[in-house]
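Observations on chain architecture
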Amino acid sequence: MSRFYKTLMTILLVSGASAAFAFDRYPGLGRLATPAEVTAWDIDVRPDFTGLPQGSGNVDDGMVLWEAKCASCHGIFGESNEVFTPLVGGTRASDIESGHVAALIDNSFPQRSTFMKVATVSTLFDYIKRAMPWTEPKSLSDDDVYALLAYLLNLAEVVPADFVLTHENIADVQARMPNRNGMTTDHGMWPGASAANGGIGNGGKPDVNGDACMSNCKTEVLVASALPDYAQDAHGNLAEQNRPVGPVRGVSSGDQAEAGASVDHSGATAVVALVNAKGCMACHGLANKIVGPGYNEVLAKYKDRADAEAYLIGKVTSGGQGVWGAVPMPPQGHLSDDEARRIVQWVLSGAQAQ
Amino acid sequence: MANDYARPGRVRPAPENFLSDEDIAAINKGGRRDFLRSAFIAASAALAAPAVARAQSAGDPAILELPPWSTSLGLPVAANPYGMPSKFERGLVRRESPGLTRVGGSSVAFTPLQGLFGIITPSGLHFERHHQGWHDIDPARHRLMINGLVKSEAVYTMDDLMRLPAVSRIHFIECGANTGMEWGNVAVPTVQYSHGMLSCSEFTGVPLKLILDMCGADYKKGRFILAEGADGSSMTRTIPMEMVESGEVLVAYGMNGEMLRPENGYPLRLVVPGVQGVSWVKWLRRIEVGDQPWASKDEAVHYIDLMPDGQHRQYTSTQEVKSVITSPSGGQILLDRGFHNISGMAWSGRGKITRVDVSTDGGINWREARLETPVLSKAVTRFNLDWVWDGKAAILQSRATDDSGHIQASYGQLRAVRGTKSIYHNNAIQSWKVTESGEVSNVQVL
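Residues numbered from 1 in each chain as written. Chains lettered and ligands numbered in written order. Predicted model: local features only at pLDDT ≥ 70, side-chain atom pairs only at ≥ 80, totals over all residues. Heavy atoms only, no water.

1. Looking at the overall build of chain A
Filter applied, for reference: Starting at the N terminus, helices and strands are each numbered in turn, a helix being any DSSP run of H or I of at least four residues and a strand any DSSP run of E of at least two. Burial classes: relative accessible area under 20% of the type maximum marks a residue as buried, over 50% as exposed, and values in between as partly exposed (1.4 Å probe, protein chains only). Working rule for contacts: check all heavy atoms of both residues, and any pair within 4.5 Å makes them a contact. Per-residue accessibility takes into account occlusion by the displayed protein chains alone, with areas from the Shrake-Rupley method and a 1.4 Å probe.
Along the backbone of chain A there are 16 helices and 6 strands. A burial count over chain A gives 45% of its 354 residues as buried. For chain A, the proportion of contacts with a sequence separation of at least 24, taken over those separated by at least 6, is 54%. Surface accessibility of chain A: about 16800 Å² in total, with carbon and sulfur atoms responsible for 54%.

Next up, the structure:
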């Protein structure tokens, strides 16, 4: 919002002039927002940096914060593809010159990393500030966000290792964003005014249209792609995903034996719900490594240790690093002692899915 | 028609526990498709013999032998204070597509379109898409703030909003990434996974225009609004003021006669008819009026459409004309030869569906389907077509047209312009192949 309106609001609140507004039509409904309320919620940052708070942060401080709060999902270098698609990778020095990411055309990088796509550095500041870290959104100070963004920009080789990012030089960084010229709004899928009339796009004209042919529309039917067997089986037993009455049935697919073998392991279902709800499954698979070890690996390593339960509860609540690799496990402060105990007991009893 | 229950030689997979342990072993050993072929022959033969015996009896045991529900006392009222579907419907639930995402808090659960009738999605089956998990928000502590280019920046409680004049409208909501897994090739087996990020509900709420009028919005300068959620992601999307001014954008709290479900934004979400689901911001906490778009994460990193020339289309929002046959559809088996009602859904973000054509020969010839009422703007329209299956292989397709004159395109037509990597806005004609065994599977026809 503009500073003018904030000032105006303050004056109006002080003078008690709210009755001048259109609240009159629906008396008793709604009230004026206080300046503090608007400041608390209006945290968005636009591409022209409207809304950007003052502050600064350097790459080194960003690295420390990153390893503590971000690396567990995104990897030490923002390169991890384990939980989310990579943030960094696939951009080159020549992209910084042109503002177009060449790998989007020559497919030289297997994924589309964030830096390959994003055109506006404001987007990154806005999003980190409002939504990160994953389990504690909005917990970062403005300077934390500057530092983390400086570290990310350095990983993407947009800024040097000794860079200090501030509200004053962020526009210079914008001029080096690798895909800054990579967006187009020349399309028909903006449901408002066209660019010519102050909006976006071509005013709603579709780029592709089918044809209305009704008979003898072609001479042969070319089937370009069919479902591979593994893709059918990967979605479980389709017979159980269809109604048992009507004109059709679902075909039997997937692992039939698995369907018959569901046994309730005392209370395990509740713990599975807990580890899902608390985000544990983002990094630990039941029987596979994701970022951290699979629960089966934890069991195998500690099952013969006498103090395994107490040791693992300590790891869950206080965090750790080095046992399973360089990526740290952050302290899981959002778990109660009882929850941590139940989860550890479940892991040590075999971590059954249900 | 006579003695239909006992008709011999009926092609029927007998899915009700017809798999013995030996059959299961055979599947695991020989592969599913080989098994199905032999199982059909076996099942047909097995049914034929008792059928002869039954035909000689006095009639159908389902009639002659009175079932327990006809001969005993049923359950009392309010045994289920909040009613649930029959236990026989337990397979029709929201499901994830394995391997699509790694984190349940940023994932998708698809609506089982293969089992739905009409146009309304039961609230418990409405698809789910969250960006940072969902919460069950205390409505007493929820607020809506209006700020930016308005004369008076204001705050509303849920009590305030629910006292304002309300409207109810039926609209579809479709994720921009619906059918996104299928851009390059067939990837998923059923319509639940290919098209199930689609739901259609009656939404109740207040036109956003009414609220912006109250706050004295600067409609001259403020040609864009930003909608923001109260969840951890506080998701934001830019929406054109033209849509707000038309009165169609709602600040909604009701869905299908009750409050929104928590997974769908309880207690407040934005309804942006015809626009992809990501703009229908859930747990809506703030609307800002501005003079430029915001390029938020979900309009600058995600929900951007990669074109073959390496450029991303930004601010693509409209869900274009689209349709899909839901019965019969992928992963199903036709019960028998003879009459079938081909049934499906059609929708367009630009307005009303005016026509749906259906082909059973892979797009060589088409017949116009019946559009069932109601036919509403930016809502799902149900279509039906009579079809007698002669037991031969077929490829079923549907092709919708909307009242802007836009006709749903084929995969060939769509890929020629947009390539195969745009992820979003795949509205291609869907094809379902029917084999002689009656099995239906997902294929793509150019």
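2. Quick word on unusual backbone geometry
Following Met-132 of chain A, the chain continues into Pro-133 of chain A via a peptide bond in cis, with omega recorded as -5 degrees. Examined against the element boundaries, Pro-133 of chain A turns out to sit in the loop between helix H8 (121-131) and helix H9 (142-155). Residue Tyr-266 of chain B is joined to Pro-267 of chain B through a cis peptide bond whose omega torsion reads 5 degrees. Although it is not a glycine, Trp-283 of chain B adopts a positive phi angle of roughly 50 degrees. Trp-283 of chain B sits in the buried class, given a relative accessible area of 4%.

3. What about the interface of chain A and chain B?
Heads up, the condition is: Summed over both partners, the accessible area (1.4 Å probe) lost when two parts come together is defined as the buried area. We define a salt bridge as a side-chain nitrogen of Lys or Arg found within 4 Å of a carboxyl oxygen belonging to Asp or Glu. Whenever two N or O atoms come within 3.5 Å, that pair is a polar contact, provided that in protein one can donate a hydrogen and the other can accept it, and provided that, for residues adjacent in sequence, both atoms are side-chain atoms. For this classification, the nonpolar set comprises Ala, Val, Leu, Ile, Met, Phe, Trp, Tyr, Cys and Pro, the charged set comprises Asp, Glu, Lys and Arg, and every other residue, Gly included, is treated as polar.
Tallying the contact residues gives 111 residues for chain A and 134 residues for chain B. Approximately 10400 Å² of surface area, both sides summed, lies buried where chain A meets chain B, with 57% of it carried by carbon and sulfur atoms. The partner of Arg-286 of chain B in a salt bridge is Asp-42 of chain A, and the shortest N-O contact between them spans 3.2 Å. Inspection of the region where chain A meets chain B yields 63 residue pairs in polar contact (both at pLDDT 80 or more). Taken together, the residues of the side of chain A that touches chain B break down into 58 nonpolar, 33 polar and 20 charged.

4. Looking at the side chain of Thr-236 of chain B
Of note, Thr-236 of chain B is situated in strand S8 (residues 236-240). For Thr-236 of chain B, a relative accessible area of 4% gives the class buried. Residues within four places of Thr-236 of chain B in sequence aside, it is in contact with Arg-130 of chain A together with Leu-226, Ala-227, Glu-228, Ser-296 and Asp-298 of chain B.

5. Comments concerning the confidence of the model for chain B
All names here are of chain B. Note the following rule: Confidence of the prediction at every residue is given by pLDDT, a number between 0 and 100.
Of all residues in chain B, 87% have pLDDT values of 70 or greater, and the mean over the chain is 91. This model gives residues 13-20 a pLDDT under 50, and the stretch forms 15 contacts once residues within four places in sequence are excluded. pLDDT under 50 marks residues 26-54. Its contacts with residues more than four places away, or in other chains, come to 34 contacts.

6. Quick word on the environment of Asp-160 of chain B
For Asp-160 of chain B, the position within the fold is in helix H5 (residues 158-163). Using a relative accessible area of 10% as the deciding quantity, one classes Asp-160 of chain B as buried. Separated by 16 residues in the primary sequence, Asp-160 of chain B and Leu-144 of chain B place their C-alpha atoms 9.8 Å from one another. With near-sequence residues (within four places) excluded, Asp-160 of chain B lies in contact with Gly-28, Leu-29 and Gly-30 of chain A together with Val-155 of chain B.

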